[in-house]
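Residues per chain are reported as follows:
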Amino acid sequence: MEPQLLHSTGDGVATVVIHHPAKRNAMTAGMWRALPPLLDTLAADPAVRALVLRGEGDTFCAGADISTLRGSPDEAQSLAVLAEEALAAFPKPTLAAIRGYCVGGGSQLAAACDLRFAEEGALFGVTPANLGIVYSASSTRRLVSLVGPGAAKYLLFSGELIDAERALRTGLVDEVLPGGELDKRVVEFTRVLITRSLLTQAAAKEFANGRTDRDAYWAERARGSGDTAEGVAAFLERRQPRFTWTTSG
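Quick caveat: nothing in here was measured; it's all calculated off a predicted structure. (Residues numbered from 1 in each chain as written. Predicted model: local features only at pLDDT ≥ 70, side-chain atom pairs only at ≥ 80, totals over all residues. Heavy atoms only, no water.)

## Brief notes about the overall build of the protein chain
For clarity, the cut-off: Runs of E in the DSSP output that reach at least two residues are strands. Runs of H or I that reach at least four are helices, and both are numbered from the N terminus. A 1.4 Å probe rolled over the protein chains alone gives each residue an accessible area, and that area as a share of the maximum for its type sets the label: buried under 20%, exposed over 50%, partly exposed in between. Here the accessible surface of atoms and residues is derived via Shrake-Rupley with a 1.4 Å probe, and residues count as covered only by protein chains that are part of the display. A residue counts as positive if it is Lys or Arg and as negative if it is Asp or Glu; His and the chain ends are not included. Charge placement uses NZ in Lys and CZ in Arg. For Asp and Glu, CG and CD serve respectively.
Helices and strands together make up the secondary structure of the protein chain, namely nine helices and nine strands. Taken along its principal axes, the extent of the C-alpha atoms in the protein chain is 60 × 40 × 40 Å. Looking at the 249 residues of the protein chain, the share that counts as buried comes to 47%. Carbon and sulfur atoms make up 55% of the accessible area of the protein chain, which amounts to about 12200 Å² in all. Here the protein chain carries 26 positive and 29 negative side-chain charges, and the mean point of each set is 3 Å from the other.

Have a look at this one:
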């Protein structure tokens, strides 16, 4: 099978799989290009309330396919940044499920997700210094927001790999699971996400990402959504709420 991004949807969750097992799921130029329009399609689907990004098999993503850097490194990096930004802007909760190597472009994609769950034994690296590449300002800021300036400089300056436990301590990942437990935990957690108010999640995502000019916008959406009334009613009636607001609605 050619290197590609596979996707499926079910039970409110879209799953995108980085599929290039011959090169540890390294991202080709075609895969970088394919990600933004795929995300647009999934964002517009009202049945999708959360997204999981994972790699095929036992590796998340070992970075960009280095052979794509020989022709035009600037173009290759631009494609990676555009894909990263599209993932960060996805209006619904996103979660990276990480096994094995999460390096280079793989770490960019993982950092662009809202949450990162990793299996024990996963290895993380931010490696532009290994290739003489200037990491983009947006990617650097995103990394700093996750791990702080000291840890970001350690990763960027050295290009060294760190294990899942250190990634957890620095804030690069949110949970580390024992071997064989990652898939189960991701399913359990996404089931929680899709029962919560997407209105709340979408607004919180914007605010957490630094947006400061949308208070009135989200207040208006809340008034017309019905989610608040449903949440209060469900609490008083001691039942599971049935939130209906969607980003495409």
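## Focus: the pairing of strand S6 (residues 115-119)
Using the following cut-off: Strands are labelled as partners when DSSP assigns at least two bridges between them.
Burial runs high along S6: four of the five residues are buried. As defined by bridge partners, strand S4 (residues 94-98) adjoins S6 across four bridges and the pair is classed as parallel. Bridging across to S6, Leu 95 finds its partner in Leu 115. Alignment of S6 against strand S9 (residues 175-177), held across three bridges, turns out to be parallel. By the bridge assignment, Phe 117 is partnered in S9 with Glu 175.

## Thoughts on unusual backbone geometry
Unlike most non-glycine residues, Arg 24 shows phi in positive territory, near 50°. Relative to the helices and strands, Arg 24 resides in the loop between strand S2 (13-19) and helix H1 (29-43). One non-glycine residue, Arg 238, lies in positive phi territory at about 55°. Within the secondary structure layout, Arg 238 lies in the segment after helix H9 (227-237). What makes Arg 238 exposed here is its relative accessible area of 79%.

## As for the pattern of salt bridges
Note the cut-off: We define a salt bridge as a contact between a side-chain nitrogen of Lys or Arg and a carboxyl oxygen of Asp or Glu at a distance within 4 Å.
Scanning all chains against the criterion turns up 14 salt bridges. As a salt-bridge pair, Asp 114 and Lys 205 come within 2.9 Å of each other at their nearest N and O atoms. With a gap of 91 residues between them, Asp 114 in the loop between helix H3 (105-112) and S6 and Lys 205 in helix H7 (residues 198-208) connect regions that are remote in the sequence. According to the relative accessible area criterion, Lys 205 is buried, its value standing at 10%. The salt bridge partner of Glu 220 is Arg 221, with a shortest N-O separation of 4.0 Å. Look at Glu 220 and you get partly exposed, because its relative accessible area is 48%. Three or more residues joined by partner-sharing salt bridges are found here, namely Arg 54, Arg 99, Glu 119 and Asp 183.

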